[in-house]
Amino acid sequence: MAKPDLMDFDKALEMYEPVLGFEVHVELSTQTKMFSDAPNPAAPNADRDAAPNTQITPVDLGLPGSLPVVNEKAVEYAISLGLALGCEIASRSTFSRKNYFYPDLAKNYQISQYDEPIAFEGSLVIELEDGTEVTVPIERAHMEEDAGKLTHIGGATGRIHGAEASLVDYNRAGVPLVEIVTKPIFGAEGRAPEVGKAYVATIRDIVRALGISEARMERGNLRCDANVSLRPRAQAGQPVAPLGTRTETKNVNSLRSVERAVRYEIQRQAAILSAGGTITQETRHWHEDKGTTSPGRPKSDADDYRYFPEPDLLPIEPSAGLIEQLRAALPEAPAVRRKRLREAWGFTEAEFRDVQNSGLLAEVEETVAAGAAPAQARKWWTGEIARIANARDAEPAELIAPEQVAAVVELVESGVVNDKLARQVIEGVIDGEGTPAEVVERRGLKVVSDDGALIAAIDAALAEQPDVLEKIREGKVQAAGAIIGAVMKAMGGQADAARVRELILERAQA
Amino acid sequence: MSAASSDLTRLAAHELAEKLRAGEISSVEATRAHLDRIAAVDGDVHAFLHLNTSALETAAEIDARRAAGEELAPLAGVPVAIKDVLCTRDMPSTAGSRILEGWIPPYDATVVARMREAGLVPLGKTNMDEFAMGSSTEHSAFGPTRNPWDRERIPGGSGGGSAAAVAAFEAPLALGSDTGGSIRQPAAVTGSVGMKPTYGGVSRYGAIALASSLDQVGPVTRTVLDAALLHDVIGGHDPRDSTSIPDAWPSFADAARTGLREGVVKGLRIGVVSELGGGTTGGTTGGTTGGTAGGAAGASQGFQPGVLQRFHEALGLLEKQGAELVEVSAPSFEYAISAYYLILPAEASSNLAKFDSVRFGLRTEVPGGTIEDVMAATREAGFGDEVKRRIILGTYALSAGYYDAYYGSAQKVRTLIQRDFDAAFGACDVLATPSAPTTAFKLGEKLDDPLAMYLNDLTTIPANLAGVPGIALPSGLAPEDGLPAGIQFMAPARQDARLYTVAAALEALFVDAWGGPLLAQAPALA
């Protein structure tokens, strides 16, 4: 298949207005599934190596005669999420059946919510990298169950068609989901890709702060479908064009991919439209490796899921008391939290944004809580740790714990190691060599604190560069740098540069 | 077959229970007697699809526990037949369908588990219309069941197997399920007692679903007290069924025994529905209904005269005991069948989607075919015509653009029917109708006419649509064909106990009038 033409992004924006919409599925981290008492593979303590089809009950397999029972914890989680999204919580909401045949769907219908979702009419303030705030209108958040997983054997595409056989694992069937649906997002313009990324990042931060999902995109705890459509710019005196035909790019499962997929679809659609073509309403697959989308199945309004009220379940009617209790227990809103932390840490706007854009707010916060100075916590996370993470294509938070970073800061503060050695300590911790103290011990990274050894090294260096002392006495204190460098080199880096400097200055005054 | 074991099969369940408790007989003897009876007559009747090969072992365990002095539940040691729509972990559970042939569930339905817990001895699984779709048991994939009164006639449906087993003395007790009359109509045409409890009164967990908002499990027996005793065992809240009512229930057996007290029906207001066998025959102001033999006319269109005659005689008996007859109108009942045949297929089309060959049941291989091909071929081969008919109907009724006109309208009718019940129960304590419009029809008679078949549920469907309880008991033999006719009582939701009291009272009056139970008049089979 030839790579489709793409229009230059800026040119596409000149000709068309992008309209966005997102459907984000959040896997809730309850102990059991949405409608059965099987263990939930999305729970924090789940057995992630469980063999296929072992985390199931007759309900998850849809065996004849089995009946669903609503997980009350999942309902509470959904209400909390709805509240955090600024939604109204329905005093009465119902489940419906969404009927379609697919082998990963045990009953060949999905229990979802249709016309009476648990949460509706909300809005979410998100912050872009430069601090611009954008309000995303939320249409609804509803509860449903996840499907199983298919693995297609044989065949070139890894998809069901062309495969020789397909294996079904129902462990994921019945995992509780909340699907958050936005209203059309207008006005994002050239920042549309960034808005997509920031929106999903904000959802991730919220569900983490609520403690209702592991929110690990790489594990599918958080999955994004990105809807993009374009409409021509209104000409002067002409009415605003109606919304264009949209595509839905499914399962865009990293923040960076959300940004790239939105950008790609804008460029692709613009190329088609400007050439006089039409956009097919369809779902599209995102290809992480190529950074492109390809057509999935056509999706039209003719899709008929034959929704009807789920007769096996009663309506969900949360008491006003429960809703208020959950509202009172909500964590700080992200915008409020950002303001509070910025003030508490005394960071400049730029410094703070640096932390936030690196996605390291929680890590810095926890490192400070573990005793590190805010500036030090920021320096190590956005510096050395981010560098290593980038080199290893990993998330900083996965490499090292905030407590360990705080311990490294403490080692520097107390003079056990200097900054340069501390970098090695961090590397050692990341490589699994033990705690920071253990790494110092094993790698022998302690700075030399024996003045005698330092003085001997200083004397040796001064013997090489005898004019330095004279220069210092003349007030050219920076001349000490050459000696410090020589001493550090002689000590293999394991010297406290500040102490060396002190000793040189003492020598000059002697 | 020994005379002694023959006698045991003639006993009502509560009589068997009494003899077991007194140590006069053992559960092994009682169970063997019924297995012998099944061996002797079921070749003709075909009430059973599967027999429990460990029934005698189970009976022996109960006997041992009793011998050890253990306090056992009232029905411990009494054999029971189980409709094949209920999941049993030790026997196939096919719902009468080829698509589930040989499938043994890994779990027991809640009602089955409760029966085992109470020490009842499962005899086997009984025949039924496929997925409980039918009124004659002719739609079973495994051949029809025959009516013990006349083997050329149908035993009713969908639970014809359970009713025939009870009426043929193959089992003293049976479990059925009732979506639109599948307990009550077979009870009516076989001279048995059948109770559809209040929706939510008995757990549906493990009952293979036909229409989830209508299905209810209940007892099929030969006496009202037996039904009450079995209902006491299977009923009550089940956390595995979200539609199960959490409240505590009174003892239904006590309620049935109350029915034997002198003067219990005095002052009871019995509503006779003008649209369902009432009307035009007088009696609206009390006094003359009992005498109107053959009072079929006007709104009683579609009812067999002899059925109506026995119905009005029954009312007359109660009136003589001081009950008050009240004529009530339920205008929306006219639309009940139409609404039912939209709601049921709609829910069934979704409930039956899971039968796709992927996880259990029949798989029809299609060489080189896709999963869709295999699913389609399996469903084509595994479902019978009536099931396919209703899946198509239901799929259509739920389709975009038709939903409001069909499913939506049907739900509105359902609400109106509930209001009719509310209004009626404002004026009376129970409603009475014939259990079914006719006596048993001939095998094959309505097989090619689905609409005629559907009309057989005329009197039973309203209770399912409204979720109220209904009990059917024999009202005598219709004079024109000598076949059993039945009378149904309905009560407000949760007032199941009231039905047992009223039905037990009427049953006692009938036994006096007939000189014994109606089934004593059934022809010998073996």
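Residues numbered from 1 in each chain as written. Chains lettered and ligands numbered in written order. Predicted model: local features only at pLDDT ≥ 70, side-chain atom pairs only at ≥ 80, totals over all residues. Heavy atoms only, no water.

## Some points on the overall build of chain B
Phase 1 of the analysis: Across its full length, chain B carries 17 helices and eleven strands.
Phase 2 of the analysis: In terms of overall dimensions, chain B is globule-like: its C-alpha atoms have a radius of gyration of 22 Å, near the 24 Å expected for 526 residues.
Phase 3 of the analysis: Taken along its principal axes, the extent of the C-alpha atoms in chain B is 75 × 65 × 45 Å.
Phase 4 of the analysis: Considering chain B as a whole, with its 526 residues, one finds that 64% of them fall into the buried category.
Phase 5 of the analysis: Put simply, of all contacts in chain B between residues at least 6 apart along the chain, 76% involve residues at least 24 apart. (Helix = DSSP H or I, 4+ residues; strand = E, 2+ residues; numbered from the N terminus. Rg over C-alpha atoms; globule rule 2.2 N^0.38 Å. Buried < 20%, exposed > 50% of the residue type's maximum accessible area, 1.4 Å probe, protein only. Contact = heavy atoms within 4.5 Å.)

## Regarding the interface of chain A and chain B
Phase 1 of the analysis: The interface is formed by 35 residues belonging to chain A together with 39 residues belonging to chain B.
Phase 2 of the analysis: Summing both partners gives a buried area of about 2,800 Å² for chain A against chain B, and 61% of it is carried by carbon and sulfur.
Phase 3 of the analysis: Of all residues in chain A, A:Pro64, A:Leu67 and A:Arg306 bury the most surface against chain B, accounting for 22% of the area lost on that side.
Phase 4 of the analysis: Between chain A and chain B we count one salt bridge in total.
Phase 5 of the analysis: Notably, a salt bridge pairs B:Arg204 with A:Asp312, separated by 3.1 Å at the nearest N-O pair.
Phase 6 of the analysis: Where chain A packs against chain B, one counts 17 residue pairs in polar contact (both at pLDDT 80 or more).
Phase 7 of the analysis: If you list the elements that add at least two residues to the side of chain A that touches chain B, you get β3 (96-99) and β14 (308-309) of chain A.
Phase 8 of the analysis: Tallied by class, the residues present in the side of chain A that touches chain B amount to 24 nonpolar, six polar and five charged. (Buried area = accessible area lost by both parts, 1.4 Å probe. Salt bridge = Lys/Arg side-chain N within 4 Å of Asp/Glu carboxyl O. Polar contact = N/O pair within 3.5 Å; in protein donor to acceptor, adjacent residues only side chain to side chain. Nonpolar A, V, L, I, M, F, W, Y, C, P; charged D, E, K, R; others polar.)

## So, the environment of A:Val125
All names here are of chain A.
Phase 1 of the analysis: Turning to its location among the elements, Val 125 is positioned in strand β5 (residues 119-127).
Phase 2 of the analysis: The class of Val 125 is partly exposed, set by a relative accessible area of 33%.
Phase 3 of the analysis: The sequence separation of Val 125 and Leu 85 amounts to 40 residues, and the corresponding C-alpha distance is 9.0 Å.
Phase 4 of the analysis: When sequence neighbours within four positions are dropped, the list of residues in contact with Val 125 reads Glu 133, Val 134, Thr 135 and Thr 202.

## Section: unusual backbone geometry
Among all residues save glycine, negative phi is the norm, and among peptide bonds the norm is trans.
Phase 1 of the analysis: For the peptide bond that leads from B:Gly157 to B:Ser158, omega is 10 degrees, which places it in the cis range.
Phase 2 of the analysis: Examined against the element boundaries, B:Ser158 turns out to sit in the loop between β3 (121-126) and α6 (160-167).

## Things to note about the pairing of strand β12 (residues 282-287) of chain A
Phase 1 of the analysis: Within β12(A), five of the six residues are buried, which leaves it mostly tucked inside the rest of the structure.
Phase 2 of the analysis: As for the winding sense of the linkage, the β-α-β connection from strand β11 (residues 247-252) of chain A through helix α4 (residues 255-274) of chain A to β12(A) is left-handed. (Right-handed = clockwise from strand over helix to strand, strands pointing away.)

## Quick notes on the sheet that holds strand β4 (residues 109-112) of chain A
Remark on secondary structure: sheet strands pair via backbone hydrogen bonds, oriented parallel or antiparallel.
Phase 1 of the analysis: Pairing is antiparallel in the open sheet, where three strands are placed in the order β4-β3-β14 (chain A). What marks the edges here is a single partner per strand, and that holds for β4 and β14 of chain A.
Phase 2 of the analysis: Of the pairings in the sheet, the one linking β3(A) to β4(A) comprises four bridges and is antiparallel in character. Pairing of A:Asn99 across the sheet is with A:Tyr109, part of β4(A).
Phase 3 of the analysis: Each of β3, β4 and β14 of chain A touches helix α11 (residues 336-351) of chain B; the most contacted strand, β3(A), lies at about 60 degrees to it. (Pairing = 2+ DSSP bridges. Axes fitted to C-alpha atoms, helices over the stretch in contact; angles between N-to-C directions.)

## Description of the pattern of salt bridges
Residues and elements named next belong to chain A.
Phase 1 of the analysis: According to the stated counting rule, one finds 66 salt bridges over all chains in the structure shown.
Phase 2 of the analysis: A salt bridge links Lys 33 to Asp 60, with the shortest nitrogen-to-oxygen separation between them at 4.0 Å. On the criterion of sequence distance, the pair formed by Lys 33 in the loop between β1 (16-27) and α2 (72-84) and Asp 60 in the loop between β1 and α2 is long-range, its members being 27 residues apart. As far as the burial class goes, Lys 33 and Asp 60 line up, both buried.
Phase 3 of the analysis: Between Arg 233 and Glu 189 there is a salt bridge whose closest N-O contact spans 2.5 Å. Residue Arg 233 is located in the loop between β10 (222-232) and β11, and its partner Glu 189 is located in the loop between β9 (176-182) and α3 (192-210); the two are separated by 44 residues in the primary sequence.
Phase 4 of the analysis: Glu 189 gets classed as partly exposed once you look at its relative accessible area, which sits at 26%.

## Side note on the domain arrangement of chain B
All names here are of chain B.
Phase 1 of the analysis: Domain annotation for chain B reports domain 1 (3-258), domain 2 (269-335 + 420-525) and domain 3 (337-407).
Phase 2 of the analysis: Between the C-alpha centres of domain 1 and domain 2 there is a distance of 24 Å.
Phase 3 of the analysis: On the domain 2 side, the residues contacting the 60 residues of domain 1 number 51 residues.
Phase 4 of the analysis: Summing the contributions of domain 1 and of domain 2, the shared interface buries around 4,300 Å²; its carbon and sulfur component is 63%.
Phase 5 of the analysis: On the domain 1 side of the interface with domain 2, the three residues burying the most area are Trp 149, Arg 153 and Arg 184, jointly 18% of the side's total.
Phase 6 of the analysis: Applying the counting rule to domain 1 against domain 2 returns one salt bridge.
Phase 7 of the analysis: Taken together, the connections running from domain 1 to domain 2 amount to 23 residue pairs in polar contact (both at pLDDT 80 or more).
Phase 8 of the analysis: For the side of domain 1 that touches domain 2, the secondary structure elements donating two or more residues are α3 (27-45), α7 (184-190), β5 (193-196), α8 (224-234) and α9 (252-258).
Phase 9 of the analysis: In terms of residue count, the dominant contributor to the side of domain 1 that touches domain 2 is α7 (six residues).
Phase 10 of the analysis: Here the side of domain 1 that touches domain 2 is built from residues that sort into 28 nonpolar, 18 polar and 14 charged. (Domains from an automatic or database assignment.)

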